[in-house]
Structures are given as C-alpha cells and as structure tokens.
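Structural features, examined
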Amino acid sequence: MLLKQSEYLLKNKSKLKELIEILSAKYQYVSVLATDVGGTNYLYSQKRSMINPYRFAERGFVVRVYLDGTYQEYSFNEIGDVKKVAEEIITQLQQQNEMLKDLRIQKYPTALIEEEEIKKEFASEISDTAVSASKEEIMAKLKKVSDKYASKENIIDAQITYTNVIISKMFLSLKKELIQSFGYSLSSGALIAYKDGKTNFLANSASGFKGVEIIDEMAEKLDETYVNLIKLFDAEHITPGEYEVICTPEASGLIAHEAFGHGLEMDMFVKNRAVAKEHMQEKIASDITDMYDGTDGIQDTASYYFDDEGVISGTTQILKNGYLVNGMNDLLSALRLNVTPTGNGRRESFERKAYTRMTNTYFGEGKATLDEMIASVKYGFLISNGQSGMEDPKHWGIQCVLSRASEIKDGKLTGKVFTPVILTGYVPDLLANISMVGTDVITNGNGMCGKGYKEWVVVSDGGPYIKTKVRLG
C-alpha cells in the first residue's frame, strides 16, 4: 500500500506558510520543518510482555531563520494565533542574540541559503500489515516465537520484539514545499541460555520497509542463533595478534559505521576534528574497496526522501576503488565548507539541532564468494555478531566488539569458536588490507547512533562479506 500524507501536517500547512510570510519581513531566510512521527514497540518474553508507544514519537515544528550572517532556530509544538507565534519567535531569538553577545560566543561565518523552487510529495510503499495488524495479532506472533525457543535445551528466556514506525515530515520555505511519508518495521530475537553455571546470550534481527512479516524474517535466523549460542559455552579466548579475518555483512557494517562514519561527517571538518579532512582524494584503501552512505540505494530504517533541512537525499560514494572521494554533510556545514550538500542533516527530534548524521552506511559489492574467501585463509577467523564500536576521528583509530570468531584453518572452518572478539587497528591499514569482497550487500537497521548531547537517530549499516587483516584480542 502507498502511505497517505499526515493529516496533521496538511492541516497546519496554511498556518505555517503564513508564519513564513510574516517572519520573512524581518529575516533574510525562513524555513519550517514540521514532524509527525508515531509507532509502537512490542516485547514478549517468558518473564514479561509490554506494548509501549515508540520512543521517538513526536509532533511539532522548528523554525530556522537567517539574519546578518547568523542562523537561529526556535521549536514549538502548537500553532494557534500565527501572529502571536511570530512575535514570540522574534522576541526569543532577539534575547538569544543578546545573550550570545554578552557571552562573547564565537560564531561560524555562514552564507545565506540559496534555494531553487521545488514542490513535491513523496510517499513509500509499505506492507498492509504495518498499519492493519492488531496488537493482539502481533503479541500472539511474538509469543509463538518466544515459546518455541524457550522450550529448547538450556534456554532460560527468549525475548522477541517488534517495532513499527510511520514518519511524516513537511519542509516549507518561500521556495520549497516538500512533504514525505514513509514507514518501516524491525524485529529482534535475543536468546538467553544457562549451562554449567554460566549465562550467555545471542541475538538476531531484521528490518525494512515492511510490516509484521519482518518477525518471520527474523525468526528464520533463530535456529542458527541457537546453535551458535550453545557453542559459546565451549568458546576459548583468542590469543592476541594480527590475523586474516572474514567479516560477515553485520561485521562489515560495524566497521563501515565506525571506520568512516563519524570521521566523514563534515561538521567535524568545520571544527578540524577529523583527520580525514587532510586526506580527501587520496588512496587509503585497497583497489577493490568501495563504500557508500545514502538513502535511495537501500530501503532500510535510515531511508528517507529529504533530510531535516529540506535537502533532497541520495547516495554518497565515500570510497571509490580505494580513494577517499567524498564525505557527508548537513546544509550549514556544506555552506561553511563550500561543497554540495549531501542530504545528511538529521535531527533526533524537532526540538534538537541538525547535525551531519549517517544514514545507511555500507561497503559496496565485489566478486568473491564466501567459499572462495574461506578457502584462501591459511589461519584466521570468520567474525560475526557485532555488539559495539568506537572510533577516534582525529587519529583514525578503531575498536569493534563482536561476540564470535569461528576458526579457519587450511581453508576450512574447524568448528572451534572464540569469544569475546575485540578488533582494533588503524583505519587505513584495515582498509588497505581488504583483499576479497563478496557479491551480496546486506544491511541491518536495528541500530542507533548517538552524537552531540547523546542525540540519537536510527541508522543501518552493512555490506557483503569482506576479507582483510586486523588485530584481534
């Protein structure tokens, strides 16, 4: 089905356009982002069940204005008398200006936004079940999966979740009139096991522009998850050292996000907080390495049609044949750096500022099969089940934590498993060591990324299987 545009946004459009007209008499640029986000989180386990509103549900507006080289913003969630709202905005922004002067806050010089006229509506196709399935149907589906795996040997709980989200946003200025509606669903399954006095857990997930069928997609992976979880009880610790490794698409995505995620967010370039700024157009990876960030090549949780600054989104190629060719940016960073905006200006909510944020970040496809990769390894590991990661954008350091490393010896998986897995290294070395890249790009959108004052947005990441050489410990 094709999603309908938000009645809430459409109802307020005429008032917002009137507000823009009033404010334009004082300011050189005025825009409004209006948001209407709703959804529901479901959880069923053997110990509890919950149905809660989506954590980031919101309805509200944020105005951005420009005057004499400075951009300011004001957010609000009700619009009654438009003239009174305009007066309040002007008063509050004037007081803010006075406060900044008193505090002697340094401002980044920024040019005036120059917009082309555009009026366009965007709406995504989504499964009927994303809006038609009842709460009872969804909870029954989750219970069935939980009960199945809770009955397996050594399992003490099976926590199964489902979230459906519908997002509508409208961006208005004197020249732009954009509106979009899209939705996605995601599901996760976490199995918790107890054996010989030890407790372990392992999870799997699925996401996409779909409905409750995403629960079935996730559940199809749980048999393998269960087998791998039980193997963790016999897992050993890796002897620290440098090894050949094959990364699953999930592990590839964790590396893509951490290796070139924050370090290529160009608001960090403005502040000189990313070493990548000094190496643009340089070769820093192997010839077969491509990487992307974008919203139209992948349909996952971070896909949208225009960003929170009214920039039409697309796909940015970050690495091309090993060369660092582009970064990502929000609109104001693009103006400050005199580059083309990439549509990566994202807000946690209408009450938060826009930063340069990743969307769907992934390695591009190659030509190798997984069997060919495994056969090429004398001694190394297939690493999987990413948990967390950190990077140092100023020095290109990276650390990724994963749950499993499956031993490869003389071109074959031995069945031996190691845990935990700590991957560390220098980003250009890791990327230069990529020697084989798989054929199928797979992303997962169950993650979130924090920035600023721990402001969160949904992201997806992934790629194909890749073979490289890294330090494990």
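Our structure's up above, just so we're on the same page.
Residues numbered from 1 in each chain as written. Predicted model: local features only at pLDDT ≥ 70, side-chain atom pairs only at ≥ 80, totals over all residues. Heavy atoms only, no water.

Describing the side chain of Thr 248
We count it as follows: Runs of H or I in DSSP of at least four residues are treated as helices and runs of E of at least two as strands, each being numbered from the N terminus. The buried label applies to any residue whose accessible area, calculated with a 1.4 Å probe on protein chains only, is under 20% of its type's maximum; exposed applies above 50%, and partly exposed to all values in between. Contact criterion: two residues are considered in contact whenever any of their non-hydrogen atoms come within 4.5 Å of each other.
Locating Thr 248 in the fold gives a position in the loop between β9 (241–247) and α7 (249–260). On the basis of relative accessibility, which here comes to 11%, the residue Thr 248 falls in the buried class. Apart from the residues lying within four places of it in its own chain, the contact partners of Thr 248 are Leu 382, Ile 383, Ser 384, Pro 464 and Tyr 465.

Here's the deal with the packing of aromatic side chains
Inclusion rule: Side-chain rings of Phe, Tyr and Trp (the six-membered ring for Trp) are treated as a pair once their centres are within 6.5 Å; stacked means planes under 30 degrees apart, edge-to-face means over 60, and tilted covers the remaining angles. Two limits define a charge over a ring: the Lys NZ or Arg CZ must be within 6 Å of the ring centre, and within 35 degrees of the ring normal.
Applying the stated criterion across every chain yields a total of 17 aromatic pairs. Measuring from centroid to centroid gives 6.4 Å for Phe 182 and Phe 209, while their planes differ by 10°, and the two rings are stacked. Here Phe 209 lies in the loop between β8 (198–208) and α5 (213–219) and Phe 182 lies in strand β7 (residues 176–195), a separation of 27 residues in the sequence. Exposure class is identical for Phe 182 and Phe 209. Each is buried. A ring pair is formed by Phe 381 and Phe 418, whose centres lie 5.3 Å apart and whose planes are at 80°; its orientation type is edge-to-face. Residue Phe 381 is located in strand β16 (residues 379–392), and its partner Phe 418 is located in strand β18 (residues 412–418); the two are separated by 37 residues in the primary sequence. Following the ring pairs from residue to residue traces out a cluster consisting of Phe 122, Phe 182, Phe 209, Tyr 305 and Phe 306. Sitting above the plane of the Tyr 27 ring, Lys 26 keeps its charged end 5.7 Å from the centroid. The ring of Tyr 8 has Arg 59 lying over it, and the distance from NZ or CZ to the ring centre is 4.5 Å.

Structural notes on the sheet that holds strand β10 (residues 291–294)
In plain terms, the rule: We treat two strands as partners when DSSP finds at least two bridges between them.
The 6 strands lie next to each other as β12-β11-β10-β15-β22-β21, forming an open sheet whose pairing is mixed. Every other strand in the sheet has two partners, leaving β12 (323–324) and β21 (442–451) as the edge strands with one partner each. Looking at chain direction, β21 and strand β22 (residues 455–463) are connected through 8 bridges and run antiparallel. Pairing of Thr 443 across the sheet is with Gly 462, part of β22.

Brief notes about the pairing of strand β3 (residues 58–67)
Most of β3 sits inside the fold, with 8 of its 10 residues counted as buried. Both β3 and strand β4 (residues 70–76) contribute to a ladder of 7 bridges, which runs antiparallel. In the sheet register, Val 62 faces β4, and the bridge partner there is Ser 75. Where β3 folds back onto β4 in an antiparallel hairpin, the turn is made up of 2 residues, including Asp 68, whose phi is positive at roughly 50°.

Comments concerning the packing of helix α1 (residues 7–23) against helix α2 (residues 82–103)
Put simply, the test is: Here an axis means a line fitted to C-alpha atoms, over the contact stretch when the element is a helix, while the angle between two N-to-C directions is reported on a 0 to 180 degree scale. When describing relative orientation, an angle under 35 degrees is termed roughly parallel and one over 145 degrees roughly antiparallel, while 65 to 115 degrees is termed roughly perpendicular and anything else oblique. Helix crossings fall into two classes, left-handed where the near helix is turned counterclockwise from the far one by less than a right angle and right-handed where it is turned clockwise. Note that Gly is not counted as nonpolar here; it falls among the polar residues with everything else outside the nonpolar set of Ala, Val, Leu, Ile, Met, Phe, Trp, Tyr, Cys and Pro and the charged set of Asp, Glu, Lys and Arg.
Where α1 contacts α2, the two axes come as close as 9 Å, and the packing angle between them is 45°. Looking at the two axes, α1 sits oblique to α2. In the packing of α1 onto α2, the handedness of the crossing is right-handed. Contact residues: Lys 15, Glu 18, Leu 19, Ile 22 and Leu 23 in α1; Val 82, Lys 83, Val 85, Ala 86, Ile 89 and Ile 90 in α2. Tallied by class, the residues present in the contact of α1 with α2 amount to 8 nonpolar, no polar and 3 charged.

Thoughts on the nonpolar core
What counts here: Buried Ala, Val, Leu, Ile, Met, Phe, Trp, Tyr and Cys residues that are joined via side-chain atoms within 4.5 Å together make up what is termed a nonpolar core.
Grouped together as the largest cluster of nonpolar side chains are 47 residues, with contacts concentrated most on Phe 260, Ile 383 and Leu 472. Take this core: its biggest share by element is 6 residues, from α7. Apart from residues no more than four positions distant in its own chain, Leu 472 is found in contact with Ile 238, Thr 239, Pro 240, Gly 241, Tyr 243, Val 245, Phe 381, Ile 383, Val 421, Ile 422 and Leu 423. If you look at the next biggest cluster of nonpolar residues, it comprises 28 residues, including Ala 158, Ile 215, Met 218 and Tyr 226.

Remarks on a negative patch on the surface
Going by this rule: Patches in this entry comprise residues that are over 30% relatively accessible and not in a salt bridge; like charges within 9 Å are linked, as are nonpolar side chains (Val, Leu, Ile, Met, Phe, Trp, Tyr) within 5 Å. Calculation of accessible area relied on Shrake-Rupley with a 1.4 Å probe; when residues are assessed, cover is drawn exclusively from the protein chains displayed. Whenever Lys or Arg places a side-chain nitrogen within 4 Å of a carboxyl oxygen from Asp or Glu, that contact is recorded as a salt bridge. Positive residues here are Lys and Arg, negative ones are Asp and Glu, while His and the chain termini are left out of the count. A single reference atom marks each charge: NZ on Lys, CZ on Arg, CG on Asp, CD on Glu.
There is a patch of like negative charges on the surface, built from Glu 18, Glu 21, Asp 81 and Glu 87. Along the polypeptide, Glu 18 turns up in helix α1. Take Glu 18: its relative accessible area is 37%, and that puts it in the partly exposed class.

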